[in-house]
Amino acid sequence: MDPEGLRAAASVFAGVAESNEGETTIAATGDVGDARLVSALSRFMEALIGGWMQRVSQTEGVAQTLTASATLYEAADDHGVHDMERAEHF
């Protein structure tokens, strides 16, 4: 596994999450006229934004997991090299 490839993929996911964070604001619905319509639109927007925020959070989680995986692969490689060096001295 290529840790740098994992970090590059993590960077892409982090960029996607960051670029979509701005889409988590609720549009003004107060000037459509009818109070029931305003209420319905507000509830709809809150539900939509809630789902979108969850998706952004999950995307950030993928980026973090890829970065952590890269670190684990590097640590495993380092331990493997160390173990091979120790085995050569027996």
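**Concerning the overall build of the protein**
When helices and strands are counted, the protein shows 2 helices and 0 strands. At 23 Å, the protein has a C-alpha radius of gyration far larger than the 12 Å of a compact globule built from 90 residues. Here the protein holds 90 residues, and the buried ones make up 16% of them. The long-range share in the protein, meaning contacts at least 24 apart out of those at least 6 apart in sequence, stands at 76%. Separation between the mean location of the 5 positive side-chain charges and that of the 15 negative ones in the protein comes to 14 Å.

**Concerning the pattern of salt bridges**
Applying the stated rule across the entire model yields 2 salt bridges. The salt bridge involving Glu-4 is made with Arg-7; its shortest N-O contact spans 3.2 Å. Pair noted here: Glu-4 and Arg-7 are both in helix H1 (residues 3-21), with a separation of 3 residues, about one helical turn. For Arg-7, a relative accessible area of 25% puts it in the partly exposed group. For Arg-7, the salt bridge is made with Glu-74, and the minimal N-O distance between the two is 2.9 Å. With Arg-7 in helix H1 and Glu-74 in helix H2 (residues 35-88), this residue pair connects regions lying 67 residues apart in the sequence. Exposure remark for Glu-74: the relative accessible area of 29% places this residue in the partly exposed category. Each member of the salt-bridge network shares a partner with another, and the members are Glu-4, Arg-7 and Glu-74.

**Considerations on the environment of Met-45**
Tracing the chain through its elements places Met-45 in helix H2. For Met-45 and Ser-19, which are 26 residues apart along the polypeptide, the C-alpha to C-alpha distance reads 19 Å.

**Details of the packing of H1 against H2**
Where H1 contacts H2, the axes come no closer than 8 Å and their chain directions differ by 165°. One element, H1, and the other, H2, form an angle in the roughly antiparallel class. The two elements H1 and H2 meet at a crossing, and its hand is left-handed. Partitioned by chemical class, the residues of the contact of H1 with H2 number 15 nonpolar, 5 polar and 5 charged.

**Describing the nonpolar core**
Formed by Leu-6, Ala-10, Ala-63, Leu-66 and Ala-70, the largest nonpolar core amounts to 5 residues. For this core, the secondary-structure elements that each account for two or more residues are H1 and H2. Tallying contributions element by element places H2 first for this core, with 3 residues. The contact partners of Ala-10, leaving out residues within four places of it in the chain, are Ala-63, Leu-66 and Thr-67.

Criteria and thresholds
Residues numbered from 1 in each chain as written. Predicted model: local features only at pLDDT ≥ 70, side-chain atom pairs only at ≥ 80, totals over all residues. Heavy atoms only, no water. Helix = DSSP H or I, 4+ residues; strand = E, 2+ residues; numbered from the N terminus. Rg over C-alpha atoms; globule rule 2.2 N^0.38 Å. Buried < 20%, exposed > 50% of the residue type's maximum accessible area, 1.4 Å probe, protein only. Contact = heavy atoms within 4.5 Å. Lys, Arg positive; Asp, Glu negative; His and termini not counted. Charge placed at Lys NZ, Arg CZ, Asp CG, Glu CD. Salt bridge = Lys/Arg side-chain N within 4 Å of Asp/Glu carboxyl O. Axes fitted to C-alpha atoms, helices over the stretch in contact; angles between N-to-C directions. Parallel < 35°, antiparallel > 145°, perpendicular 65-115°, else oblique. Left-handed = near helix turned anticlockwise from the far one by under 90°. Nonpolar A, V, L, I, M, F, W, Y, C, P; charged D, E, K, R; others polar. Core = buried A, V, L, I, M, F, W, Y, C linked by side-chain atoms within 4.5 Å.

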